[in-house]
Amino acid sequence: MKQTARIISTYAADSSGVCSALYELGGMCVIHDASGCNSTYHTHDEPRWYDQDSLVFISALSEMEAIMGDDEKLVRDITETALELHPRFVALCGTPIPMMIGTDLPAIASEVEHRTGIPAFGLPTNGMHSYLSGAGMAFAAVAGRFADRSLRREPGRSVNLLGLTPLDFSVNGSDGSMRSILEGNGFTVISSWAMGSTLDELSQAGRASVNLVVSYSGLTAARTLQKLFGTPYVVGVPFGVKFSGRLIAALERAADTGCCGAAYLRRPREARPALTLIGESVSAGSLAAAIGEEFGRSARVLCPLETEPGLLAEGDMEAKDEDDLIALLKPSDHILADPLYRPICPGGSEFYPLPSEAFSGRIFRRNIPDLIGSPLNGKGSINL
Amino acid sequence: MLKRIGAEPDETGAAVAIKDAAFPAPFPSGLEYGAPARGMWNIVHTGMLLPEAHQIFVCAAGCLRGVVLTAAEMKAEERFSTVEIREENVLDGDMEELIIDGVTDILNKLPCMPPAVLIFTSCIHHFMSCDLPQVYRVLRERFPQTAFTDCYMNPIMRKSGLTPDQLMRKQLYSLLKPRPKDPKAVNLIGNDLPTDASSELVRMIQKNGFRLRDITWCRTYGEYQEMAEASVNLSTYPSAVAGCEELERRLGQKQLYLPQSFDYDEIEDNLCRLAGCLSIDAPQTAPGRARAERALQGAREVIGDMAVSVDYTATPRPLGLARLLCQHGFRVASVYLDAINEEERGAFGWLRTHVPELMLRATIHPKMRVLPRAGREPVLAIGQKAAYFTGTRHFVNIVEGGGMYGYDGIARLAGLMTGAYLEERDARSLIQAKGLGCACCI
C-alpha cells in the first residue's frame, strides 16, 4: 500500500531542509511547531549542532494558540528574540498544524520585519515534503532576497555551488573537496550554498560565470540566479575522477555558451542494469555516471524524493513508497543504497552500503565517504 | 559559522537567582531551543518496554523522522512501522480509512502477528476530530488475536490535560487484562528504568514475601500480562501517577504514589505508607539513613567546594536534591530547569531562604544557544543538561533518577558524585546518545 513503511526509514522533512540550508548564514530559523521538530532536526538532521552555533528555534505552539489563531504571540516571541540576538535575517517555516489552520507565514514574517527592521521571510513548509523541497525554498529565498542585483557576471572562470547541505554530503570534507576540485581546474568559487560561505559571500553570487547545482535543492536558486544575472547552470556532483573531469568540461562549456543541463545523463545502458542505486536524483545520477566511467558498469537510479524528469536518465525511476521500491528492486542483483534500505532488498542480491544523512541520520555518519574527485574503488570508497 | 552582530547577550530572562524567581514558572515562555543532551527517553523508547509489541506511527513525514530513527538507533526496526499522512489525506478527510488500511497492510506483511500493537496518532488526528473509536473497532474486528491500544504523539496537547509523557506511561498498561488478584503481588508502574534491587523499597517488598513486578523486567508479553495479578501498584515517578490511577479504576489495583525523594522525612513517610498498605512492619531505616549520611559526608570531603550544578533531567526533584546537597555542605551553584513541579514547592521555599543566590537557569530559552557554556570555575554536574551547559567533563550521567530510590539511592548518588569528581568523562559522546539505559547504536 502507498504511504506505509513496514521497516524502512523516512527522509528528513522540508522544515529540516530549510534549517540545514540556512544554518551557516547567521540568520535565525523558527519552526512553527509544538515540539519535536526541534529535537528531530538537531538530533538526526544536523551534524553541526553540537560544535557550531546557529539560531534554530521552535515556536512551541500550543493547542489553545492554534485554536484561537493567536499569531500575535508568535510575532511577539520572534520579534523579542530577534532584537536580543541580532540575526542577519529571520526565516519562519511551518509544520502540519500551521498548514491545517492556514497560518500565513509570509505575512507573519513581514510583520516581524516591520517591527525589527531585520529581513524576514516565511517559507510554506508543512512537514509533508522532503528536505529537498525545504532547502530549495530557502536557497531560492536567499537568492531572491540577498543576491546583490547590481553585480554582473564577470569574465573568467568562476562558479557558485548550489544545493550543498550535510543532509546530502554529510560533514566528511565533501564540501571542501568540491571547492578544491573546482579551484584546481581554474575556477574561482564565489560562494557555496550553503556550507563554508557567509551570507555576504552568497550575496556576491551574481559575479559567477556559471553555477554548479549539486542537489535538487539547488535548482530553484539556480533558476532564480539565471533570471537575475543570466548565469547558466550545470547539474551534477563531481564524483570520481573521470566523471568530475566531464563535469568540469560541462561547466566550461556552459560558461561559454550559456547552455544549461544535467551532466550525468549520458552513461552506459543495458536492458538489465548491472547496478541499482537508490537516492537523491542529482547525487545518485552523478554516482551512476561516475560508476559507468570508472567501472564500465551500467546503473539505474530509483529516486524516492522530489525531482524533475530532466534530472533522471532513461531507465531511472521515481519510487516514493516502500512497496514501489520492493517491486522495482526485484530484478536487481546489485544494489547501492543507504543501509536502512537493506531489509527490503531481494534475498541473494549484493548490497553496497552508502549511507545518507538525509535517510539514516547520524547512525552511519562515520561510514559516509568523501567521493568527490577521487577514485571510487579506493580505501574508504564504495568498492564495487 | 554564526557571526554575532550585536553585543553578546546577557543572561537576563534565561537565569534568575532563586530569591527573585517566580513559582512555578521562573522564566518567560517564548521561542524554544533544544540542547544536544539526549539521554531522556521518548515515547518510542517507553513503548518498546512492552515485550513483543509492534509500534505503528501515523503522522506526517516530518513527525515520523525522529521516531523512525529512534527505533533504528535502538536496532528495533523490526518492531516499528509507519503510515505517512500526506496533504491529500488532510484535504480529503479520509484519515480513518488511511489508519485502518495502513495498519492492516503493515500487519499483513509482518513475519508473525504480534500479540499487541501500539498505534500512535498525532496532532493532525486531534485537530481533524478523527473517529479513533471507530478505527480501533474495525481493527479489533479484523485482527481479533491482537490487542490494540491507542497511543499519542501529539505534543501540541502538552499544556492541555495529560502530557504526552504521562499518556504514554498510562497507555503502556492499558492492555493488561483483568485477572484474579494475588494479595502477595505488587507492581512498580511507569518507570523507564528498573529501580535498584538494593533500595529499601524493593528490599522491603521482596523480604516480606511479595512478588514484585516491573515492566522493565518483563521479557515476554505473558510476563507483562501477569502484572494484572497485583493487588497494589506503586509509582515513584510523577508522570506515572495518572497510569496508576487509571489501573486502580480499571482493574481495581490499589495505587500508592511513593515519590523519588531526597527529603528524609518524606522517605520515612513513603516507607511507612508502603508498610501500612502491605500490612507489614515498618522498616528499620536508621542503618540506611546512616549509610546515606556517611556517603554524603565522604563525597563532600572529596569534592570540597567545587561548584555543583543539577538539572531536571537527572531527577524529577532537582530542587529537592539541591536542598539535600546544600544541607550537607556542598556548594550548589545552579539548577537547570524550565518549570518547577508543584511537588518541589517546599524545597523551593527552603532554598529561597537558605541559599538565596542559587541560580536557576533555563534550558530551552533561546539565549541558552549563545550564552557561554564553559564556566568561569570547575563544575561537577548532575545530569546531562547541566553537563552540557557548564561545559564540564565531571558529571553524573543519569536520567529520570537513574533507578535510585530512598536512602540507598542517596548513598549511591553520593558515590557517583565522587566518581564524577575523580574521573573525567567525554560528555560530548555520552550525552548525545538517545534514551540512556536503552540499546543505542550511536
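For the structure itself, look to the data block above.
Reading guide: rules and limits
- In every chain, residue numbers begin from 1 and rise along the written sequence.
- As they are written, the chains are lettered A onward and the ligands numbered 1 onward, keeping that order.
- Side-chain atom pairs in this predicted model are given and counted only at pLDDT of 80 or more, local residue features only at pLDDT of at least 70, and totals for whole chains, interfaces and linings cover all residues.
- For side-chain calculations, the full set of non-hydrogen atoms in the structure is used, while hydrogens and water are omitted.
- Secondary structure is summarised from DSSP: a helix means a run of H or I of at least four residues, a strand means a run of E of at least two, and numbering begins at the N terminus for each.
- Note on exposure labels: buried denotes an accessible area under 20% of the residue type's maximum, exposed denotes more than 50%, and partly exposed covers the range between, all computed with a 1.4 Å probe on protein chains only.
- Computed with a 1.4 Å probe, the accessible areas rest on the Shrake-Rupley method; for each residue, only the protein chains presented here act as cover.
- Positive charges are assigned to Lys and Arg, negative charges to Asp and Glu, while His and the chain termini are left out of the count.
- To locate a charge, take atom NZ for lysine, CZ for arginine, CG for aspartate or CD for glutamate.
- Cavity: a set of points on a 1 Å grid over the protein atoms alone where a 1.4 Å probe fits but cannot get out. Pocket: an open set with protein on both sides within 12 Å along at least five of seven lines, its lining residues, like those of a cavity, having an atom within 4 Å of a point.
- Grid points are joined across faces, edges and corners, and a volume is the space filled by probe spheres set on the points.
- Three categories are distinguished: nonpolar for Ala, Val, Leu, Ile, Met, Phe, Trp, Tyr, Cys and Pro, charged for Asp, Glu, Lys and Arg, and polar for the others, with Gly belonging to the last.
- Here, any two strands with at least 2 DSSP bridges between them count as paired.
- Crossovers are marked right-handed if the path from the first strand over the helix to the second runs clockwise, as seen with the strands pointing away from the viewer.
- Lines are fitted to the C-alpha atoms to define the axes, a helix being fitted only along its stretch in contact, and any angle between axes, read from their N-to-C directions, falls within 0 to 180 degrees.
- Put simply, angles under 35 degrees are roughly parallel, angles over 145 are roughly antiparallel, angles from 65 to 115 are roughly perpendicular, and the rest are oblique.
- When the near helix sits turned anticlockwise from the far one by under a right angle, the crossing is termed left-handed; a clockwise turn instead gives a right-handed crossing.
- We call two residues in contact when some of their heavy atoms are within 4.5 Å.
- Within 3.5 Å is the distance limit for a polar contact, defined as a pair of N or O atoms, with the added protein rule that one can donate a hydrogen and the other accept it, and that residues adjacent in sequence qualify only through two side-chain atoms.
- One side-chain nitrogen of Lys or Arg within 4 Å of one carboxyl oxygen of Asp or Glu is enough to make a salt bridge.
- Side-chain atoms within 4.5 Å link the members of a nonpolar core, which is a set of buried Ala, Val, Leu, Ile, Met, Phe, Trp, Tyr and Cys residues.
- Each C-beta atom gives one direction from the helix axis, and the arc is the one those directions make.
- Residues with no salt bridge and a relative accessible area higher than 30% make up the patches, which join like charges within 9 Å and nonpolar side chains (Val, Leu, Ile, Met, Phe, Trp, Tyr) within 5 Å.

Caption draft 1: Structural view of the overall build of chain A. Counting its regular elements, chain A contains 15 helices and 15 strands. The 384 residues of chain A split such that 65% are buried. If you sum the accessible surface of chain A, you get close to 12500 Å²; carbon and sulfur atoms cover 50% of it. In chain A, which carries 32 positive and 45 negative side-chain charges, the distance between the mean positions of the two groups comes to 8 Å.

Caption draft 2: Broad picture of empty space enclosed by the protein. All names here are of chain A. One pass over the structure, following the stated rule, counts nine cavities of 30 Å³ or more. In terms of lining residues, the largest cavity is bounded by 28 residues, among which Asp168, Ser283, Leu354, Pro355 and Ser356 are the most central. Listed by contribution, the elements that provide at least two residues to the lining of the largest cavity are helix H8 (166–169), strand S11 (275–278), helix H13 (281–295), strand S14 (334–337) and helix H15 (357–360). Residues of the lining of the largest cavity, tallied by class, amount to 18 nonpolar, six polar and four charged.

Caption draft 3: Up close: the pairing of strand S6 (residues 182–188) of chain B. Residues and elements named next belong to chain B. Pairing of S6 with strand S8 (residues 230–235), which is carried by four bridges, proceeds in the parallel orientation. Across the sheet, the residue bridging to aspartate 182 is alanine 230, located in S8. Taken together, the four bridges between S6 and strand S7 (residues 211–214) define a ladder with parallel strand orientation. The residue bridging valine 186 from the neighbouring strand is leucine 212, located in S7. A crossover connection joins S6 to the parallel S7 through helix H8 (residues 200–207); in handedness this β-α-β unit is right-handed.

Caption draft 4: Representation of the packing of helix H4 (residues 71–85) of chain A against helix H6 (residues 105–116) of chain A. All names here are of chain A. Contact geometry of H4 with H6 gives a least axis separation of 9 Å together with a crossing angle of 45 degrees. In this view, H4 runs oblique relative to H6, as classed from their interaxial angle. When you trace H4 past H6, the crossing you get is right-handed. Residue-level contacts link Asp71, Glu72, Leu74, Val75, Arg76, Ile78, Thr79, Ala82 and Leu83 of H4 to Ile108, Glu111, Val112, Arg115 and Thr116 of H6. Residue composition of the contact of H4 with H6, by class: seven nonpolar, two polar and five charged.

Caption draft 5: Representation of the side chain of A:Ser197 within the structure. All names here are of chain A. In this fold, serine 197 is placed in the loop between strand S7 (188–193) and helix H10 (199–202). By relative accessible area, serine 197 is classed as buried at 3%. Here the side chain of serine 197 touches arginine 179 through a polar contact of 3.0 Å, side chain to side chain. Side chain to side chain, serine 197 and glutamate 201 meet in a polar contact 3.5 Å long. Sequence-distant contacts of serine 197, that is, excluding residues within four places in its chain, are made with Glu24, Leu25, Arg179, Ser191, Ser192 and Leu202.

Caption draft 6: Seen up close, the pattern of salt bridges. Under the counting rule described, the total for this entry stands at 50 salt bridges over all chains. Measuring nitrogen to oxygen at the nearest pair gives 2.2 Å for the salt bridge that ties B:Arg428 to A:Asp51. Note that B:Arg428 is positioned in helix H17 (residues 427–430) and A:Asp51 in the loop between helix H2 (37–45) and strand S3 (55–58), a pairing that runs across two chains. The class of B:Arg428 is partly exposed, set by a relative accessible area of 37%. Close ionic contact of B:Glu246 with B:Arg249 constitutes a salt bridge, the shortest N to O distance being 3.0 Å. Of this pair, B:Glu246 and B:Arg249 both sit in helix H10 (residues 241–251), three residues apart, which is roughly one turn of that helix. Here the salt bridges share partners, and the residues they tie into one network are B:Asp165, B:Arg169, B:Asp192 and B:Glu400.

Caption draft 7: Structural context of the sheet that holds strand S15 (residues 350–353) of chain A. Residue and element names in this part refer to chain A. With parallel pairing, five strands are arranged side by side in an open sheet as S13-S12-S11-S14-S15. Lying at the two open borders of the sheet, with one neighbouring strand each, are strand S13 (317–318) and S15. Bridge count for S11 against S14 is two bridges, and the pairing is parallel. The residue of S14 that forms the bridge with threonine 276 is isoleucine 335. The sheet contacts of H13 involve S11, strand S12 (299–303) and S14, and relative to S12 the element is tilted by about 170 degrees. The sheet strands contacting helix H14 (residues 322–329) are S11, S12, S13 and S14, and the helix crosses S12 at an angle near 165 degrees.

Caption draft 8: How the structure looks around the environment of B:Gly346. Residues and elements named next belong to chain B. By secondary structure assignment, the location of glycine 346 is in helix H14 (residues 345–354). Residue classification places glycine 346 among the partly exposed positions, given a relative accessible area of 44%. In this structure, the C-alpha to C-alpha distance between glycine 346 and leucine 319, residues 27 residues apart in sequence, is 9.1 Å.

Caption draft 9: Geometry of the nonpolar core. Core analysis: the biggest nonpolar cluster contains 151 residues, and A:Leu22, A:Leu182, A:Trp193 and A:Leu287 have the highest contact counts within it. Element by element, the count of residues in this core is highest for helix H7 (residues 131–146) of chain A, at nine residues. Other than its neighbours up to four places away in sequence, A:Leu22 contacts A:Cys29, A:Phe89, A:Ala91, A:Phe121, A:Ala138 and A:Val142. Core analysis: the next-biggest nonpolar cluster, separate from the first, contains 63 residues, B:Leu234, B:Leu325, B:Ile340 and B:Leu358 among them.

Caption draft 10: Highlighting H14(B). Residues and elements named next belong to chain B. Taken as a whole, H14 has its buried residues at Ala347, Phe348 and Leu351. Projected down its long axis, H14 carries its buried residues within an arc of 105 degrees, all on one side. The elements touched by buried residues of H14 are helix H13 (318–327) and strand S12 (359–361).

Caption draft 11: Expanded view of a nonpolar patch on the surface. Residues and elements named next belong to chain A. A cluster of nonpolar side chains, namely Met64, Ile67 and Met68, defines an oily patch on the protein surface of about 340 Å² accessible area. Its location among the elements puts methionine 68 in helix H3 (residues 63–68). Judged by relative accessible area, methionine 68 falls into the exposed class, the value being 61%.

Caption draft 12: Structural detail: the sheet that holds strand S13 (residues 379–382) of chain B. Residue and element names in this part refer to chain B. Strands sit in the order S1-S12-S11-S10-S13-S14 across an open sheet of six strands; the sheet is mixed. Two strands bound the open sheet, and with one partner strand each, they are strand S1 (15–17) and strand S14 (395–396). Relative to strand S11 (residues 331–336), strand S10 (residues 307–311) runs parallel, the two sharing five bridges. Following the sheet pairing, valine 310 is matched in S11 by valine 335.

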